[in-house]
Amino acid sequence: MAKSTAASRDIASTIHPYTNLKVHETDGPLVIIEGDGVFVRDENGKQYLEGLAGLWNASLGFSERRLAEAAYRQMLKLPFYHTFAHKSTDIGIELAEKLLSIAPAPMSKVFFVNSGSEANDTVVKLVWYYNNAIGRPKKKKIISRTKAYHGVTVASASLTGLANNHRDFDLPIANILHVECPHFYRFGLPGETEEAFASRMADSLEQRILNEGADTVAAMIVEPIMGAGGVLLPPVTYFEKIQAILRKYDILLIADEVICGFGRAGEMWGSTLYQLKPDMITCAKALSAGYLPIGAVMITETIYDALVKQSEKIGVFSHGFTYSGHPATSAVALETLKIYEQDDILAHVRRVSPRMQAGLRRFADHPLVGEVRGIGLIGAVELVADKSTKTSFDPAAGVGPFLYKRAHHHGLILRALGDSIAFCPPLIISESEIDLMLERFTLALDDTFAMVRERGLIESAPVPVFAK
Ligand SMILES: Cc1ncc(COP(=O)(O)O)c(C=O)c1O
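Asker: Help me understand the sheet that holds strand 14 (residues 415–417) in this model?
Answerer: Whether parallel or antiparallel, the strands of a sheet pair through hydrogen bonds between backbone atoms. Spatially, the four strands line up as an open sheet ordered 11-12-15-14, and their pairing is antiparallel. Edge positions in the sheet fall to strand 11 (369–375) and strand 14, since each has one partner strand and no second. Neighbouring strand axes in the sheet, compared pairwise and without regard to direction, differ in orientation by 20° on average. Relative to strand 15 (residues 420–423), strand 14 runs antiparallel, the two being bridged by three bridges. Within strand 15, the position partnered with Arg 415 by the bridge is Ala 422. Each of strand 11, strand 12 (378–383) and strand 15 touches helix 15 (residues 345–361); the most contacted strand, strand 11, lies at about 170° to it. With respect to the sheet, helix 16 (residues 399–409) is in contact with strand 12, strand 14 and strand 15, its orientation differing from that of strand 14 by roughly 175°.

Asker: Honestly, the site of the ligand in this entry has me stumped. Any pointers?
Answerer: What surrounds the ligand is the set Ser 115, Gly 116, Ser 117, Asn 120, Tyr 149, His 150, Gly 151, Glu 223, Asp 256, Val 258, Ile 259 and Lys 285. Gly 116 is positioned with one of its backbone polar atoms (N or O) 2.9 Å from an oxygen atom of the ligand. At a separation of 2.7 Å, a nitrogen atom of the ligand approaches a polar side-chain atom of Asp 256. For the ligand, the protein covers 83% of the area, taking 390 Å² as the surface of the free molecule.

Asker: Hey, could you run me through the packing of helix 16 against helix 17 (residues 431–454) in this one?
Answerer: A pair of packed helices is captured by two measures, namely the crossing angle of their axes and the spacing between those axes. Packing of helix 16 against helix 17 leaves a shortest axis separation of 8 Å and a crossing angle of 135°. Taken together, the axis directions place helix 16 and helix 17 in an arrangement best described as oblique. In the packing of helix 16 onto helix 17, the handedness of the crossing is right-handed. Judged by residue contacts, Val 399, Phe 402, Leu 403, Arg 406 and Ala 407 of helix 16 engage Phe 441, Ala 444, Leu 445, Asp 447, Thr 448, Met 451 and Val 452 from helix 17.

Asker: Any chance you could explain the environment of Ile 245 here in plain terms?
Answerer: With respect to the secondary-structure elements, Ile 245 resides in helix 11 (residues 238–248). Residues Ile 245 and Phe 84, 161 residues apart in the sequence, show an inter-C-alpha distance of 38 Å. Apart from the residues lying within four places of it in its own chain, the contact partners of Ile 245 are Ala 202, Leu 205, Glu 206 and Ile 209.

Asker: Any chance you could explain unusual backbone geometry here in plain terms?
Answerer: For residues that are not glycine, phi is negative in most cases, and the peptide bond is trans in most cases. Here Leu 171 and Pro 172 are connected by a cis peptide whose omega angle stands at 5°. With respect to the secondary-structure elements, Pro 172 resides in the loop between helix 8 (163–166) and strand 6 (176–179). Phi at Thr 237 is positive, roughly 75°, even though this residue is not glycine. Mapped onto the fold, Thr 237 is located in the loop between strand 7 (217–222) and helix 11.

Asker: Teacher, can you tell me more about the pattern of salt bridges here?
Answerer: Think of it this way: side chains of opposite charge can pair up when their charged atoms draw near. Enumeration according to the criterion identifies 19 salt bridges in this entry. The salt bridge partner of Arg 186 is Glu 382, with a shortest N-O separation of 2.9 Å. In this pair, Arg 186 sits in helix 9 (residues 184–187) while Glu 382 sits in strand 12, placing the two residues 196 residues apart along the sequence. For Arg 186, a relative accessible area of 24% corresponds to the partly exposed category. With a closest N to O distance of 2.7 Å, Arg 200 and Glu 192 form a salt bridge. The class of Glu 192 is buried, set by a relative accessible area of 17%.

Reading guide: rules and limits
- Residues numbered from 1 in each chain as written.
- Predicted model: local features only at pLDDT ≥ 70, side-chain atom pairs only at ≥ 80, totals over all residues.
- Heavy atoms only, no water.
- Pairing = 2+ DSSP bridges.
- Helix = DSSP H or I, 4+ residues; strand = E, 2+ residues; numbered from the N terminus.
- Axes fitted to C-alpha atoms, helices over the stretch in contact; angles between N-to-C directions.
- Contact = heavy atoms within 4.5 Å.
- Near = heavy atom within 4 Å.
- Polar contact = N/O pair within 3.5 Å; in protein donor to acceptor, adjacent residues only side chain to side chain.
- Areas by Shrake-Rupley, 256 points an atom, 1.4 Å probe, with all protein chains shown as cover.
- Parallel < 35°, antiparallel > 145°, perpendicular 65-115°, else oblique.
- Left-handed = near helix turned anticlockwise from the far one by under 90°.
- Salt bridge = Lys/Arg side-chain N within 4 Å of Asp/Glu carboxyl O.
- Buried < 20%, exposed > 50% of the residue type's maximum accessible area, 1.4 Å probe, protein only.

Here it is as structure tokens:
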């Protein structure tokens, strides 16, 4: 039964995203009521270190007054205006200019949206519109990857390569293809080098393009680091090889920077980190540090020119949201970008992230841990039933979710992506807070180890030295 009035009211009133709705009816929610730095507090006064920055987005933590004040000032001045039919706002113009000035590749224009999903839905439409505009009506297929995450609206959920985002939602829609997930640890063959694996991934992409017919394939969308699929870093040389193939067949590259954008991996963009040359970029989340919903799509001059010609022909570019370029969200995003610059957030991430990465790698020897991966302030620890064979636990055993719950008990919020436990703390996290996060994770891992031994889910492995 619900533990409190707020919990029972929640159960009676709300459908929760990404939640087992049946379990929720009995267990109810964790009700968070306030935040301070990298911590949040629940209705009972219990404090949690937010190891996932909410949903990979609260880059400046939970108490940045400058963002609250920017929203307040803008709302007093102009609480709403739109960008339809030749209207604009001073603050929206400033934000667009700022984004273009920091883009990882030459971009010509920005289109504002309210979320990562809307951004990716928008690029699907733009890819189609663009190819119609330049007289290639057959070139419409968009390639994504298994385990990719690009959102949940109809087109972006179709791009997403996770089974539960399609199952019983009657997705994916037509013209979306999924190619292999380039996770070397999971899908590399015995004896295969990382580079040889990358070549195999690229060869198989090329084969797929040829099988489909290159004249039918319009674009490929990639997260520089795959987030919700398990925090999967590209194998060495992967993007170099993929991009050569896309260029060969005149296929656009779309970089989904919704998680990587704005410093997460120690560069302003994942595209910079991996030398991507995208034709379109989507971003959201840390664009406003998560304080208000905003996302953006950036496109090159070539694509923009085609949109102009098409809208001239049709009479209008019929796409846009009531809140595209909302003044309050724009003000908060602009202030966020100012803070990143003034506080040199990149330098901070580069300074503290080795502490997190080295700390996470200490768990690599743990009998429950198959792989530790990450860069900058993003990482994951993948739990396995058998280290030597990389055998995963039966998902029904709920090992990852168990650890996630024990972490709550120890005052830490992470995310269990199956049995990969994701870390993505606010970018402002200090070294001592990283230590605290890792200490609390150790306790949750110890509890999980005890549970799997007790339930006989793992062979009688020795108790690791740093477990209690
Ligand atoms: C890489 C990526 N793209 C798109 C999205 C969708 O963003 P939103 O939830 O704002 O629609 C997410 C959300 O986690 C994401 O991680």
